[in-house]
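Coordinate analysis (summary)
Letter by letter, the chains look like this.
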Amino acid sequence: MKRFRGGVHPHSEKVSGGKRIENAVLPPKVIIPLQQHIGAPAQPIVEVGAEVKKGQKIGEAGGFVSSMIHASVSGKVTEISDYLYPNPLGRTSLSVVIESGGEDEWSEDVKPVDDVESLGNQRILDIVREAGIVGMGGATFPTNVKLSIPEGKEIDTIILNGVECEPYMTPDHRIMVEEPEKIVDGLKFIMKITNVSRGYIGIEMNKPDAIQAMQEATKDEPNIQVSPLKVKYPQGWENMLIKAALDREVPPGALPLEVGVVVCNVGTAAAISDAVRLGQPLIERAVSVTGPGITEPKNLRVRIGTPFSDLIEQCGGLKGKTGKVIAGGPMMGFAMFDVNVPVVKGTTNILIFSDKDAEIGESRSCIKCGRCVDVCPVGLMPTMIASLSAKGRFEDTEAYFPLDCKECGCCAYVCPAKIPLVQLIQFAKADIMARQRAARAASK
Amino acid sequence: MEEGRLIVSASPHIRDKGSVSRIMWLVVVSLVPAVIAGTYFFGARALLLVLISIATAVATEAAIQKIMRKKVTISDGSAVVTGMLLAMVISPGVPLWIPIVGSFCAIAIAKSIFGGLGHNVFNPALVGRAILLASFPVAMTTWKFPTGVDSLTGATSLAMVKGGALDKLPSIWSLFIGRVGGSLGETSAIALLIGAAFLMICRIITWHIPISYIGTVAVIVGLSQLFGGQDFGMITIHVLSGGLILGAFFMATDMVTSPLTKKGGVIFGIGAGVITCLIRLLGGYPEGVCYSILLMNAVTPLIDRYVKPRRFGISGQRT
């Protein structure tokens, strides 16, 4: 078992790990953002007042790197306007609001193809694109784009990411326990599209039932190996996963393609299987609602566009005085200021902290202890970048490679002086990228 | 839905249980065995010196912070550490006002003026000692001896070595437990090593700086004996005397004034070892730990500028 440098060991807190995924109550209203993926926003193809059915396409991809958007419930489009969606900057997106009629029938467009075995690679890729599948581990990169390998790039391995290293969250864990065959089916489609004969499924060792289920599901697949991995955050970041599974390091700024690998989330693989075999587009996903501030933590199967508040209610409501509602995990998730924000394709977890849990303490001067340097998995010196950034000396930070930073949070997690290291590094990154964009625009 | 206002701040939203206070108070605890040993060998007066030193350091920091209208941070324990260390590097026979002057200078000049904890370039306790040594050389080099030790020569072990009085040197065992002359907290190697082991278990310090430092001294002394008197027992004498163990484990490892990286720490340790040996073997002064650490403190920002960890995905790259 290979290791990677640095990393931290927050308590796993996987309280909901043993709970079966329940269907969330059908929401009376969904707010479906047309931007819930990396790339150009989708363009609406329905109008206010239209009757739509579940699975009907309501947004056309806005370019090559973009994604299709589908209605997640049947009903009437009542609004198309800007709404908040889960993101760290409080941005809004043009969203399609559908009020559910309650019938919950699939659209006629949703039907499986006749002969799956005869499908060619390009046809499968088209199905993935039409189904609006994006990276469901949270990155939301359009999957059909990821699986379109550019000319000249050789890949030899597909890795499925079942690591789920963030504390609290458990959707991937439950999908692996409950639908392992579907995940393997999706993996085989991915391997077919990319002409790859070797597959790995990386799972952290704090999920023994998931490891067992996936091993059982792959026992007749000699080309697919389940890799139990040491529990260390951020093992689930794809570059760390590739290092641990294959001992290859993706160079800074490069994609895993450069080392011959493509990584996909286990949920994404399951969605691919549903799209190809059942013709179903991506309209729902597993979301865990967890944290010390929720009455009853659960794993729910949620329609895209369901407001967080609906799910919180289904989990017994908030407990005590709420401090933070986080979309994602405690290390990299975004704190929300509004609980009515909708679940999107990349929402893995809703984490509720009480005001006591959310207390971090006042920050003070750096004492140069070097712990941030010790734990950085990328090999940076966070305190040097942060102290320059705090003084506005963003250009001077470039000697310490801030753009390599993945904002994993290990540095700020261990800092005894409680300095907001990630945030300060983000300032430097934003400034550098803005200057790079300006330079590119000027040179055109 | 009753939730009131939600807190919105940047990730990560959790922290581990470490804090500056925890680090400093653990260092205080790790120094206690050496203070106990010093009190045992030199008498209750030693403990009084320690307490006066701590009280002065804390009072100085609190007063300056209040005057400068900054947050008073004495509860983090860092001034207590400085006060203890300052007392440990002075002779147990000094007048009681010496630690007052020394601690005051350590905090006011070496720490507060630079901006407080985290901003100082030099180890405050060692700056305090250096100021005392330059200002009151006689008091600072008048040594006291534990009862039962031959005190006729009035010199520490290293001074004896420099002066050629090799037949009067104490035994290795005496040096190890501390039944020798020297500074209040530097003499008992075993008490210091217990404290150092405690700090390493708590992951406050690592082996990189102390072992590089002591190892370099051992190697250089060994080489000098190889081409000289062939008395390799001198290696042990040098390692156990002159505050090397105290300096290597508790002063050179001070986080604020030593490099950020482990690799940088090794360079720091080697540099301090070389300078210590230059002073002890070739210089006019028998002890070199204090100045060698202060000099390497000055080099630390340079080390941090050039010694960087390996970037993930780039092989063999160092800077």
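Since the model is a prediction, treat every value here as computed from it, not as a measurement.

This brings us to the pairing of strand E2 (residues 29–33) of chain A. All names here are of chain A. The buried fraction of E2 amounts to four of the five residues, a majority that puts the element mostly inside the structure. Two elements, E2 and strand E8 (residues 92–100), share five bridges in a ladder whose sense is antiparallel. Bridging from a neighbouring strand, Val30 pairs with Ile98 of E8.

A few words now on the sheet that holds E8(A). Residues and elements named next belong to chain A. On the basis of which strands lie adjacent, the open sheet formed by four strands has the order E2-E8-E7-E4 and antiparallel pairing. Sheet topology places E2 and strand E4 (51–52) at the edges, where each strand pairs with a single neighbour. Inspection of the sheet shows strand E7 (residues 75–84) paired to E8 by nine bridges, in the antiparallel sense. Within the sheet, the bridge partner assigned to Val77 lies in E8 and is Ile98.

This part takes up unusual backbone geometry. Each neighbour pair has its own omega, and for A:Tyr233 with A:Pro234 the value is 0 degrees, a cis peptide bond. Inspection of the secondary structure assignment puts A:Pro234 in the loop between strand E11 (224–229) and helix H6 (238–246). Unusually for a residue other than glycine, A:Glu407 sits at a positive phi of about 60 degrees. By secondary structure assignment, the location of A:Glu407 is in the loop between helix H10 (382–390) and helix H11 (410–414). Although it is not a glycine, B:Gln230 sits at a positive phi angle of roughly 60 degrees. Within the secondary structure, B:Gln230 is located in the loop between helix H10 (208–226) and helix H11 (233–240).

Before going further, it helps to spend a moment on the interface of chain A and chain B. Facing the 50 residues of chain A at the interface are 33 residues of chain B. Sorting the residues of the side of chain A that touches chain B by element identifies strand E15 (322–327), strand E16 (334–336), H11 and helix H12 (421–443) of chain A as the ones contributing at least two each. If you tally residues by element for the side of chain A that touches chain B, the top one is E15(A), at five residues. Looking at the side of chain A that touches chain B residue by residue, the class counts come to 32 nonpolar, 11 polar and seven charged.

Taking 1.5 Å per residue, 12 residues should reach 16 Å; helix H5 (residues 124–135) of chain B reaches 16 Å between its end C-alpha atoms and fits that length. Regarding H5(B), the residues found buried are B:Pro124, B:Ala125, B:Leu126, B:Val127, B:Gly128, B:Arg129, B:Ala130 and B:Leu132.

Here we come to the domain arrangement of chain A. Residue and element names in this part refer to chain A. As assigned here, chain A comprises domain 1 (121–278) and domain 2 (371–443). One C-alpha centre belongs to domain 1, the other to domain 2, and the line joining them spans 29 Å. Listed per partner, the contact involves six residues of domain 1 and seven residues of domain 2. The residue makeup of the side of domain 1 that touches domain 2, split by class, is five nonpolar, one polar and no charged.

A word on the domain arrangement of chain B. Residue and element names in this part refer to chain B. Taken as a whole, chain B is organised into domain 1 (20–139) and domain 2 (156–306). In this assembly, 32 residues from domain 1 lie in contact with 29 residues from domain 2. Mapped by element, the contributors of at least two residues to the side of domain 1 that touches domain 2 are helix H1 (20–42), helix H2 (44–67), helix H3 (78–88) and H5. Tallied by class, residues from the side of domain 1 that touches domain 2 come to 25 nonpolar, six polar and one charged.

Among the nonpolar cores identified, the biggest contains 226 residues, and A:Leu311, A:Cys411, A:Leu421 and B:Met84 are the most heavily contacted of them. The element contributing the most residues to this core is H1(B), with 10 residues. Sequence-distant contacts of A:Leu311, that is, excluding residues within four places in its chain, are made with A:Ala24, A:Val287, A:Val289, A:Leu300, A:Val302, A:Thr306 and A:Ile350.

Count 3.6 residues to each turn of an α-helix, and residues three or four apart come out pointing the same way. All names here are of chain A. With 23 residues, H12 should cover 33 Å at 1.5 Å per step; its first-to-last C-alpha distance of 33 Å lies within 8% of that length. Of all the positions in H12, only Leu421, Val422, Leu424, Ile425 and Ala428 are classed as buried. In this fold, the buried residues of H12 make contact with helix H9 (371–375), H10 and H11.

Moving on: the confidence of the model for chain B. Residues and elements named next belong to chain B. This prediction gives chain B a mean pLDDT of 90; 95% of its residues lie at or above 70. Mean pLDDT in chain B bottoms out at helix H7 (residues 157–163), which sits at 78, and peaks at helix H4 (residues 97–112), which reaches 97. The complex model carries a pTM of 0.92, and its ipTM stands at 0.92.

Residues and elements named next belong to chain A. Read from one edge of the open sheet, six strands run E1-E14-E13-E17-E15-E16, paired in mixed fashion. Each edge of the open sheet is held by one strand with a lone partner, namely strand E1 (21–23) and E16. For this sheet, the mean inter-axis angle between neighbouring strands, taken without regard to orientation, is 30 degrees. Those strands touched by helix H3 (residues 171–178) are E1, strand E13 (284–290), strand E14 (298–303) and strand E17 (349–354), and its axis lies near 125 degrees from that of E13.

Another aspect to go through is the environment of A:Gly253. Residues and elements named next belong to chain A. Tracing the sequence through the fold places Gly253 in the loop between H6 and strand E12 (261–265). Judged by the 10 C-beta atoms lying within 10 Å of it, Gly253 falls in the exposed class. A sequence separation of 96 residues divides Gly253 from Asn349, and the C-alpha atoms of the two residues are 28 Å apart.

Turning our eyes to something else, we now look at the packing of H5(B) against helix H14 (residues 289–306) of chain B. Residue and element names in this part refer to chain B. Viewed as axis vectors pointing N to C, H5 and H14 meet at an angle of 125 degrees, and their least axial separation amounts to 10 Å. Classified by the angle between their axes, H5 and H14 sit oblique to one another. Here H5 runs over H14; the crossing is left-handed. Across the interface between the two elements, Leu126, Arg129 and Ala130 from H5 touch Cys290, Ile293 and Leu294 from H14. Along the lines of polarity and charge, the residues of the contact of H5 with H14 split into five nonpolar, no polar and one charged.

Reading the values: the criteria
Residues numbered from 1 in each chain as written. Chains lettered and ligands numbered in written order. Predicted model: local features only at pLDDT ≥ 70, side-chain atom pairs only at ≥ 80, totals over all residues. Buried ≥ 20, exposed ≤ 12 C-beta atoms within 10 Å, placed from the backbone. Helix = DSSP H or I, 4+ residues; strand = E, 2+ residues; numbered from the N terminus. Pairing = 2+ DSSP bridges. Contact = placed C-beta atoms within 7 Å. Nonpolar A, V, L, I, M, F, W, Y, C, P; charged D, E, K, R; others polar. Expected span 1.5 Å × (residues − 1). Domains from an automatic or database assignment. Core = buried A, V, L, I, M, F, W, Y, C linked by C-beta atoms within 7 Å. pLDDT = per-residue confidence, 0-100. Axes fitted to C-alpha atoms, helices over the stretch in contact; angles between N-to-C directions. Parallel < 35°, antiparallel > 145°, perpendicular 65-115°, else oblique. Left-handed = near helix turned anticlockwise from the far one by under 90°.

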